[in-house]
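Chain and residue survey
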Amino acid sequence: MTATADTLDDWITASTLPGSDGLYFLGTFERRITFYSQQVRAFRLVRALHVRGILKSNDTIAVVGGGAAGVTCALALGLLDYDVSLYDPADEVLQLQSASPRLLHPHIYEWPALGSLDKSAGLPLLDWYLDTGKPIAERLAAEFHSHNALLPKLIWKKRSRLEKLEKSGAEWRLTFTDNATKIVQKVFLAIGFGDERTAGAADTYDYWKERGVGTTAIEVNAPASYLVSGNGDGALTDILNLLIKGFEHVSFTESFLGYFNQDTLRMTVLKAYEGLAPEANLEPVFEKDVLKTFRERGILDRLAPQLRTDRLLTINSNGDLLSVGRAAQLNQSMVFAVLHAAQQAGVIVRRSSGKITEVVKHADGLEPVGLTLGGVPLAERFKHVILRHGPNKRERYLPAGEQFDEFEKVSEARFNAKPELLVPPTLDPETYTLFFELWRQKLADTARRQQLAGQTAEEASTILITLDAATQTLVQRGKVSLEDLISECECAAGPIVLQLEIPPDKLDADALIRLSRASGGKITLSLGASVQAAWKSKLPNGTIATTAFSRYPYRLVNAISISDHVDASLVRQLEGMLVTAQAAGKCDTLGTIAPDVIAAVLATWAGWRQTLDASPALRRDFLAWLGNIGPVSAKPWTGDVTVLERMAGALVLILATHIGEPLQPASVPRGNLSFDKNGQALGSAADKLDDGSLLTEWDLPEHWDVDALILSRSSEVSVTGPDDTILNGGDPGIGLDVARRTKPAIVRNDAPWRTALKSGLPAWKTAVQDEFQEWRKRQNNDRDRVLT
């Protein structure tokens, strides 16, 4: 599954129960229930209901549950100016996390998605950063109350436990344990998920609280025996915790991903999952494809020294341990690697199967009932039995038990029909923008409001280029994609800032600078503070970006030749100038041009444009010489738009020359045109050589090494060489000791040629034909002199 529920209707459908209008379940049966994903579900559901007009301005709304989903939902509704009350039995919101030492990471369970190691949640309000539960809960609770004080229609009802939920005509009646009742039009159930299912004397612990079982402490009596049962993220995390020395989820994950160069692991895992049905067994596929990558890259060797030997672990699952959709792909990949590292290192990890129906406590340990090991019933006692079979949701939803049971059946059918609805959600830019602007306008203080004015527009006109820590690939974040911008360049709808948070060696920096210049101000480059020094030689005056945040999703920077698109932009801009010259009847470089001459020029250009666009390499060579002349080769266009007029003039002169002597764009050693089978020509707008020398200093045929020159910026270039010897097109003749070019044909920007241009097509054509006829005579004379 690679897609996620992304339409407004999907968000509404996944949360509703047919026949129970006005009742919404927030993330009740979806997978990957994390603090961040519940916040996202709340934002997206509220926006969907608001945009679709399902929420009415006179509705009274109850949000039941003061956890991540409920608090976010209530604030979102309050910002949209609905009458909403938030109910929770505790004295404070986010009670579960209020003293938790558990580390919260907003995106790590999204791997292999791009950006899954981003430590910032990136929310428009109630935002948070990687930390333990306690400080996150404290900060968000304080933010909730400060916002609540400014939203008179949002009421916080603490110590309110829902006792019963009933349909009352078109409305809903809520009854609380203190016998208080409330009738509302809409109800959002964000009750949470209840305590972990257990059996008998199995170890029990609150997910959010500190526990002694499986800590990093060295076992008193080694090896201590553990049984972990389950195949979700909780069970897989416990397996890693029990097997890895000093395990800490985020740091271990970052180290594990750091073992792979570039995007190797992500692409390998994505390929392994490709085409697999939900619930499919992953291990056979991983054994075939992923294990080879782990072994080739020495991953198992790196993991082996980190394994604990003071524990004897048995893993139980009622079904496949690694099953598609049951847990985060990263957890599944890491557990697979750790289990194979243990096997390689001789650390025993056993695998049992079956449904645990009871855990019996004995004086010497805990005995799980209902398991088999290698096909034989397992009758063994463990020091610890940890059941990770999911929370008892129905018990938590008893006040709405009837609706809960129906919603469970409906949800199963929906998810089977559209499994993409189970993919963990991320916040889309449209939802972010809606609530960010509401927060800025209604809740931010005056100074903050002014500071953030324009941020939405600024982010929409910025493309952030950075290196993704999760995949080690070049990524972008922006409303406009880099690929679309590059292909449009000077035609972009509005100014765009490319914010570079990477050193120049991570992309074609020179071409990117050329692109910025070629855009004529449409594309600006800015630098992150951390990379400013690396760019100093290329962008000494580069603008320093103030932030590296973007509300837009991570996208790969696809392989694309920026240089080719710069050349394509140059061709488009030159064509525009040709059209302008036709309309004006003149060219700034060449003066007046007869209408029939410029018409013929445009007709020729139509064919040449197709030829150049079909061959980026030919286009590159043609344009390089069009703008520059070097002793050995020509440099590409720098992107300087101030030279476009002169380059357009050169192109006009070249195309006009074609009228009298058929030319073709060509990649030749010292030019950009071919003619007359082997003839080579150079057409250029250069007024100097690349080294700063004057064109007039090249006064011998050997300097130019072509058969024809078309120079739009010089009226003085003169080439002599009475002793030249030449064969047609400059190819050395058989048996000659020395082959030298004859004096080339020259079409240049002087009075006779300008007069011909404005005189009309017959006069111009005759002038060109005469010039090339004289060249042919010189060529024949030299050949005859050498051969006789």
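Provided above is the structure to which this section pertains.
Residues numbered from 1 in each chain as written. Predicted model: local features only at pLDDT ≥ 70, side-chain atom pairs only at ≥ 80, totals over all residues. Heavy atoms only, no water.

What follows is about the overall build of the protein chain. Of the regular secondary structure elements, the protein chain holds 25 helices and 31 strands. The C-alpha radius of gyration computed for the protein chain amounts to 37 Å, which surpasses the reference 28 Å derived for 788 residues by more than 25%, pointing to a less compact arrangement than a globule. Taking the principal axes of its C-alpha atoms as reference, the protein chain extends roughly 120 × 65 × 45 Å. By residue count, 54% of the 788 residues in the protein chain fall in the buried class. Here the contacts in the protein chain between residues at least 6 apart in sequence split such that 72% fall between residues at least 24 apart. Counting every atom, the protein chain has about 33800 Å² of accessible surface; 50% of that belongs to carbon and sulfur. In the protein chain, the 85 positive side-chain charges and the 97 negative ones have mean positions that sit 3 Å from each other. (Helix = DSSP H or I, 4+ residues; strand = E, 2+ residues; numbered from the N terminus. Rg over C-alpha atoms; globule rule 2.2 N^0.38 Å. Buried < 20%, exposed > 50% of the residue type's maximum accessible area, 1.4 Å probe, protein only. Contact = heavy atoms within 4.5 Å. Areas by Shrake-Rupley, 256 points an atom, 1.4 Å probe, with all protein chains shown as cover. Lys, Arg positive; Asp, Glu negative; His and termini not counted. Charge placed at Lys NZ, Arg CZ, Asp CG, Glu CD.)

With 76 residues, the main nonpolar core has W535, L574, V597 and W764 as its most contacted residues. In this view, W535 contacts L500, I502, P503, P504, L507, A509, I513, L527 and P540; residues no more than four positions away in its chain are not counted. (Core = buried A, V, L, I, M, F, W, Y, C linked by side-chain atoms within 4.5 Å.)

Attention now moves to the environment of A511. Within the fold, A511 resides in helix 17 (residues 509–518). Judged by its relative accessible area of 1%, A511 falls in the buried class. Separated by 50 residues in the primary sequence, A511 and S561 place their C-alpha atoms 8.6 Å from one another. What A511 contacts, discounting residues up to four positions off in sequence, is I562, S563 and V566.

Before going further, it helps to examine the packing of helix 19 (residues 562–584) against helix 22 (residues 644–660). As a packed pair, helix 19 and helix 22 sit with axes 9 Å apart at the nearest point and diverge in direction by 75 degrees. Regarding the angle of helix 19 to helix 22, the classification is roughly perpendicular. Contact residues: L570, Q573, L574, M577 and L578 in helix 19; L644, E645, M647, A648, L651, V652 and L655 in helix 22. Among the residues making up the contact of helix 19 with helix 22, the classes are represented as 10 nonpolar, 1 polar and 1 charged. (Axes fitted to C-alpha atoms, helices over the stretch in contact; angles between N-to-C directions. Parallel < 35°, antiparallel > 145°, perpendicular 65-115°, else oblique. Nonpolar A, V, L, I, M, F, W, Y, C, P; charged D, E, K, R; others polar.)

Assignment of secondary structure puts L512 in helix 17. Taking the C-alpha atoms as reference points, L512 and S563, separated by 51 residues in sequence, lie 7.9 Å from one another. Beyond its immediate stretch of four places on either side in the chain, L512 contacts L498, L500, L507, L525 and I562.

Spatial ordering of the open sheet is given by 27-28-29-30-31, a layout of 5 strands whose pairing is mixed. Lying at the two open borders of the sheet, with one neighbouring strand each, are strand 27 (664–668) and strand 31 (745–748). Neighbouring strand axes in the sheet, compared pairwise and without regard to direction, differ in orientation by 30 degrees on average. Packed on one face of the sheet, helix 22 meets strand 28 (671–675), strand 29 (679–684), strand 30 (708–711) and strand 31 and runs near 140 degrees to strand 30. (Pairing = 2+ DSSP bridges.)

Turning next to the sheet that holds strand 7 (residues 162–168). In a beta sheet, neighbouring strands are held together by backbone hydrogen bonds and run either parallel or antiparallel to one another. Strand order in the open sheet formed by 3 strands is 7-8-9, with antiparallel pairing between adjacent strands. Edge positions in the sheet fall to strand 7 and strand 9 (181–184), since each of these pairs with one other strand and no more. Adjacent strand axes in the sheet meet at a mean angle of 20 degrees, parallel and antiparallel pairs treated alike. Summarising the sheet, strand 7 and strand 8 (residues 171–176) pair through 6 bridges and their orientation is antiparallel. Among the inter-strand pairings, S168 is bridged to a residue of strand 8, identified as E171.

Take the side chain of S550 next. Locating S550 in the fold gives a position in the loop between strand 23 (543–544) and strand 24 (554–556). From its side chain, S550 meets the backbone nitrogen of Y552 in a polar contact 3.2 Å long. In this structure, S550 is in contact with E459, L464, R477 and G478, ignoring residues within four places of it in sequence. (Polar contact = N/O pair within 3.5 Å; in protein donor to acceptor, adjacent residues only side chain to side chain.)

To continue, consider helix 13 (residues 429–442). Here helix 13 contains 14 residues, and its C-alpha end-to-end distance of 20 Å stays within 8% of the 20 Å for a straight helix at 1.5 Å per residue. Buried residues of helix 13: P429, T431, Y432, F435, F436, E437, L438, W439 and R440, and no others. For helix 13, the elements touching its buried residues are helix 2 (35–51), helix 3 (68–79), helix 4 (133–148), helix 14 (446–452) and helix 15 (455–460). (Expected span 1.5 Å × (residues − 1).)

As a further point, take the pattern of salt bridges. According to the stated counting rule, one finds 38 salt bridges in the structure shown. For R52, the salt bridge is made with D9, and the minimal N-O distance between the two is 2.9 Å. On the criterion of sequence distance, the pair formed by R52 in the loop between helix 2 and strand 2 (60–64) and D9 in helix 1 (residues 8–13) is long-range, its members being 43 residues apart. For R52, a relative accessible area of 43% gives the class partly exposed. Residues K383 and E219 are paired through a salt bridge, measuring 3.7 Å at the closest nitrogen-oxygen approach. Of this pair, K383 sits in the loop between strand 17 (376–377) and strand 18 (384–387) while E219 sits in the loop between strand 10 (186–189) and strand 11 (224–229); the two residues are 164 residues apart in sequence, bridging distant segments of the chain. According to the relative accessible area criterion, K383 is partly exposed, its value standing at 39%. Exposure remark for E219: the relative accessible area of 11% places this residue in the buried category. (Salt bridge = Lys/Arg side-chain N within 4 Å of Asp/Glu carboxyl O.)

Here we come to the environment of L663. Looking at the secondary structure, you find L663 in the loop between helix 22 and strand 27. Taking the relative accessible area as the measure of exposure, L663 reaches 1% and is therefore buried. Separated by 59 residues in the primary sequence, L663 and T604 have C-alpha atoms spaced 10.0 Å apart. Setting aside chain neighbours within four positions, we find L663 in contact with W608, I654, T657, H658, L673, S674, F675 and I710.

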